[in-house]
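Residues per chain are reported as follows:
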Amino acid sequence: MKIVRIHVLSIIVLAFGLSQAYANNMQITNVQVSGNNKITFSISWENSWALDSSSAPTNHDAVWIFVKYRAVNGSWQPLGLSSNGSDHQSDSLAIETVSDGMGVFLKRKKQGSGNVNSANVTLQWSGYLYTGSFDFKVFGIEMVWVPQGSFYIGDGISYNTLGRGDKKGAYKVQSEDSIPLGSDSLSLIDTGGSAPGGTIPQAFPKGYNGFYCMKYEITQDQYVDFLNSLNYAQQAAHVATSPDAAPGSFAFGATIGNRNGVVIETSGITNTVPAVFACNSDANSIFNAPDDGQTRACNFLGWNDLAAYLEWAALRPMTELEFEKICRGPNNSIPREYAWGTPYAIDANIPVYDGTDSQRVAEVPGADTGIASYGYTAPQGPLRAGFAANISSDRLKSGASYYGVMEMSGNLWEMCIVLTKPGLGFTAQNGDGTLPPNGYVNISSWPAMDCNGAGFKGGAWNSGISGEFRDLAVSDRYYVSLLPTTRRNTSGGRGVR
């Protein structure tokens with residue numbers, strides 16, 4: 001029997017607050033390794049739900065758990081987990097395994113809503129580690145289940161909107177079968193100059209099948225955790241500042257720009273020792289202070305940064321068809337609607353408790369009006385992920401999509417796989433938790449480093465919503481052909497599985 005001797009037990013918690021919280025305040029604590037192939041921990045998060053068929057949207061939230069390990073001073077590797085559900089245990093949570101063993105989903109066992117309070121979980125990994133000293137990191141990302149079912153794409157009025165070939169309304173996706181282009185009711189067209197690159201093949205994820213989507217955009221502390229699991233060369237591929245720069249140097253520029261506070265805490269050694277990254281949005285001498293913007297959405301991500309994060313987390317990019325389903329659910333489209341289901345919005349531009357895990361805004365939406373960060377007003381950068389959600393907020397007041405996914409309209413642009421000819425080769429292949437030595441993704445069906453096949457949906461903190469520039473609209477396709485080759489102060493993203 002091979003015995004695993006723990007040298008250091010490192011716990012990375014991807015959380016949304018430690019005191020007062022307006023998002024889900026997810027915490028992972030008490031991580032331990034037992035025997036030679038089990039890891040245990042406690043997990044809690046707020047505002048969880050599981051709804052049955054009598055309560056729309058008949059879905060649930062969950063936490064995607066994945067584990068990394070390394071031999072002392074080695075590189076971080078994914079810890080494969082058993083795909084046999086009976087190998088895992090929890091006193092109050094259901095554990096949903098995946099066939100590739102890259103992680104598990106934790107969700108409520110019973111219907112209901114409210115907080116998940118300190119549930120104990122034991123996971124078994126597959127195989128054995130060689131005898132020695134190992135470090136472990138347990139990661140959690142909050143997700144939302146998008147159930148299998150038909151849905152509509154296109155609203156008939158937004159820029160380059162998709163729709164039925166006969167121009168008589170939205171196109172109804174009723175299966176994962178291929179979708180032809182044409183001028184009849186069973187075919188798909190667009191209304192402008194960004195026509196799909198051809199028949200949409202069966203393997204292209206259309207959104208009919210069920211999938212999980214990240215509840216929030218990637219946050220700055222999540223991106224820091226990603227960087228701190230990479231070697232020097234991999235880090236250098238996913239920041240704008242060399243990892244050997246001085247402590248306090250901002251990762252994406254000489255100074256804090258547009259509210260990105262990711263910095264170097266400990267300098268790396270060129271091509272040898274990776275840097276240690278942290279959050280420091282106020283640019284003082286204290287890293288990861290409670291007001292350093294850890295839970296702000298992470299901007300300045302280009303396609304290669306997003307793809308690498310999703311590969312590392314064993315997720316995958318979403319398609320623009322999945323984007324519309326996440327926002328609209330099974331409902332027919334409303335002209336110029338935003339993610340919360342109406343064409344009316346109020347701009348969130350006065351942050352309160354800014355930089356903290358409790359950051360919210362002073363604006364309050366009215367009847368039929370949702371809330372989002374847009375309009376190029378203060379504070380000139382992204383807000384906290386889930387900034388408008390609290391225990392009593394509804395879809396409009398929180399700016400949520402039909403299924404409860406946050407900030408699908410505004411805050412940061414979402415990078416998606418789009419219906420251009422290069423994008424149509426995409427399949428639902430998930431990441432395998434590892435990156436090549438150079439840090440760039442090499443999954444054959446994903447857009448390559450040239451970004452062909454990727455584009456933007458959903459708008460950002462500087463977006464307009466008047467005239468043809470209604471970037472926040474669910475069906476707007478103005479920027480689907482703009483390649484995300486550069487890091488923009490308005491671009492971020494999230495993944496699905």
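Residues numbered from 1 in each chain as written. Predicted model: local features only at pLDDT ≥ 70, side-chain atom pairs only at ≥ 80, totals over all residues. Heavy atoms only, no water.

Chemist: Account for the overall build of the chain, with residues named and values stated.
Modeler: From N to C terminus, the chain includes 5 helices and 25 strands. Here the chain has a C-alpha radius of gyration of 22 Å; the compact-globule value for 497 residues is 23 Å, and the two agree. A principal-axis box enclosing the C-alpha atoms of the chain has dimensions of 65 × 50 × 45 Å. Residues counted as buried form 58% of the 497 residues belonging to the chain. When contacts within the chain are restricted to residue pairs at least 6 apart in sequence, long-range pairs at least 24 apart make up 71% of them. About 18000 Å² of surface is accessible on the chain, with carbon and sulfur atoms providing 49% of the total. Distance between charge centroids for the chain: 4 Å, based on 34 positive and 42 negative side chains. (Helix = DSSP H or I, 4+ residues; strand = E, 2+ residues; numbered from the N terminus. Rg over C-alpha atoms; globule rule 2.2 N^0.38 Å. Buried < 20%, exposed > 50% of the residue type's maximum accessible area, 1.4 Å probe, protein only. Contact = heavy atoms within 4.5 Å. Areas by Shrake-Rupley, 256 points an atom, 1.4 Å probe, with all protein chains shown as cover. Lys, Arg positive; Asp, Glu negative; His and termini not counted. Charge placed at Lys NZ, Arg CZ, Asp CG, Glu CD.)

Chemist: Can you explain the packing of aromatic side chains? Please cite residues and give values.
Modeler: In the structure shown here, the tally under the stated rule is 23 aromatic pairs. Between Trp125 and Phe136, the ring centres sit 5.5 Å apart and the planes meet at 25°, which makes this aromatic pair stacked. A residue pair is termed long-range when its members are at least 10 positions apart, and Trp125 in the loop between strand E9 (112-124) and strand E10 (132-146) and Phe136 in strand E10 qualify at 11 residues. Assessed through its relative accessible area of 1%, Phe136 is described here as buried. Taken together, the ring pairs in this structure connect Phe66, Phe139, Tyr223, Phe226, Phe252, Phe300, Tyr309 and Trp312 into an aromatic cluster. (Phe/Tyr/Trp six-rings, centres within 6.5 Å; stacked < 30°, edge-to-face > 60°.)

Chemist: Please set out empty space enclosed by the protein residue by residue, giving values where relevant.
Modeler: Think of a ball as big as a water molecule: rolled over the atoms, this probe shows where empty space is left. A full pass over the atoms with the stated rule returns 1 cavity of 30 Å³ or more. In this structure, the largest cavity encloses a volume near 40 Å³. Along its surface, the largest cavity is lined by Phe66, Val67, Lys68, Pro78, Leu79, Met102, Trp312, Ala313, Ala314 and Gly433. Top contributing element to the lining of the largest cavity by residue count: strand E4 (residues 61-71), with 3 residues. (1 Å grid on protein atoms, 1.4 Å probe; cavity = no way out; pocket = protein on both sides within 12 Å on 5 of 7 lines; lining within 4 Å. Points joined across faces, edges and corners; volume = space filled by probe spheres on them.)

Chemist: Describe in detail the state of the cysteines, supporting the description with residues and values.
Modeler: Applying the stated rule across the entire model yields 0 disulfides. Looking at Cys327, it has no disulfide partner, and the nearest cysteine sulfur is the one in Cys213, 8.8 Å off. Cys327 sits in the buried class, given a relative accessible area of 1%. This cysteine, Cys451, is not joined by any disulfide, and Cys416 carries the nearest cysteine sulfur, 14 Å off. (Disulfide = S-S within 2.5 Å.)

Chemist: Which residues make up the nonpolar core, and what values go with them?
Modeler: Counting residues in hydrophobic clusters, the biggest one holds 64 residues, and the most contacted among them are Trp64, Tyr223, Phe226, Phe277 and Tyr309. It is helix H3 (residues 303-312) that contributes the most residues to this core, 7 residues altogether. Look past the residues within four positions of Tyr223 in its chain and what remains in contact with it is Ile218, His238, Phe252, Cys298, Leu301, Asp305 and Tyr309. (Core = buried A, V, L, I, M, F, W, Y, C linked by side-chain atoms within 4.5 Å.)

Chemist: Describe the confidence of the model for the chain, listing the residues and the values that go with them.
Modeler: When pLDDT is low, close inspection of the predicted coordinates is not appropriate. Chain-level pLDDT for the chain is 92 on average; 95% of the residues reach the 70-or-more range. Between residues 1-23, whose pLDDT stays under 50, and residues either more than four places distant or in other chains, the model counts 91 contacts. (pLDDT = per-residue confidence, 0-100.)

Chemist: Outline the side chain of Glu407, listing residues and values.
Modeler: Tracing the sequence through the fold places Glu407 in the loop between helix H5 (395-398) and strand E22 (414-417). The residues touching Glu407, leaving out its near neighbours within four places in the chain, are Glu217, Arg384, Ala385, Gly386, Phe387, Gly399, Glu414 and Arg494.

Chemist: Quick one: what's the story with the pattern of salt bridges, residue by residue and with numbers?
Modeler: Under the counting rule described, the total for this entry stands at 17 salt bridges. A salt bridge links Glu142 to Lys215; the nearest nitrogen and oxygen atoms lie 3.3 Å apart. In this pair, Glu142 sits in strand E10 while Lys215 sits in the loop between strand E15 (211-214) and helix H1 (220-227), placing the two residues 73 residues apart along the sequence. On the basis of relative accessible area, Glu142 is assigned to the buried category, the value being 4%. (Salt bridge = Lys/Arg side-chain N within 4 Å of Asp/Glu carboxyl O.)

Chemist: Let's hear about the pairing of E10: which residues, and what values?
Modeler: Burial analysis of E10 places 14 of its 15 residues in the buried class, which makes it a mostly covered element. Inspection of the sheet shows E10 paired to E15 by 4 bridges, in the antiparallel sense. Considered in E15, the bridge of Trp145 is made with Tyr212. (Pairing = 2+ DSSP bridges.)

Chemist: Which residues make up the sheet that holds E9, and what are the values?
Modeler: The strands making up a sheet are joined through hydrogen bonds of the backbone, oriented either antiparallel or parallel. With antiparallel pairing, the 4 strands of this open sheet are ordered in space as E2-E3-E9-E6. Only two strands of the sheet have a single partner each, and these edge strands are strand E2 (27-34) and strand E6 (89-90). Sheet analysis places E2 next to strand E3 (residues 38-50), joined by 6 bridges and oriented antiparallel. Bridge pairing in E3 links Gln32 to Thr40.

Chemist: Summarise helix H4 (residues 320-328); cite the residues concerned and give the values.
Modeler: Of all 9 residues in H4, 9 are buried; the element is thus mostly enclosed. Residues of H4 that are buried include every one of Glu320, Leu321, Glu322, Phe323, Glu324, Lys325, Ile326, Cys327 and Arg328, and no others. Two residues or fewer after H4 comes Gly329, characterised by a positive phi angle close to 65°.

Chemist: Before we move on, could you go through the environment of Tyr309 and cite the residues and values that matter?
Modeler: Summarising the element assignment, Tyr309 is placed in helix H3. When the C-alpha atoms of Tyr309 and Met143 are compared, they prove to be 15 Å apart, with 166 residues separating the residues in sequence. Excluding anything up to four places from it in sequence, Tyr309 contacts Ile141, Ile218, Gln222, Tyr223 and Phe226.

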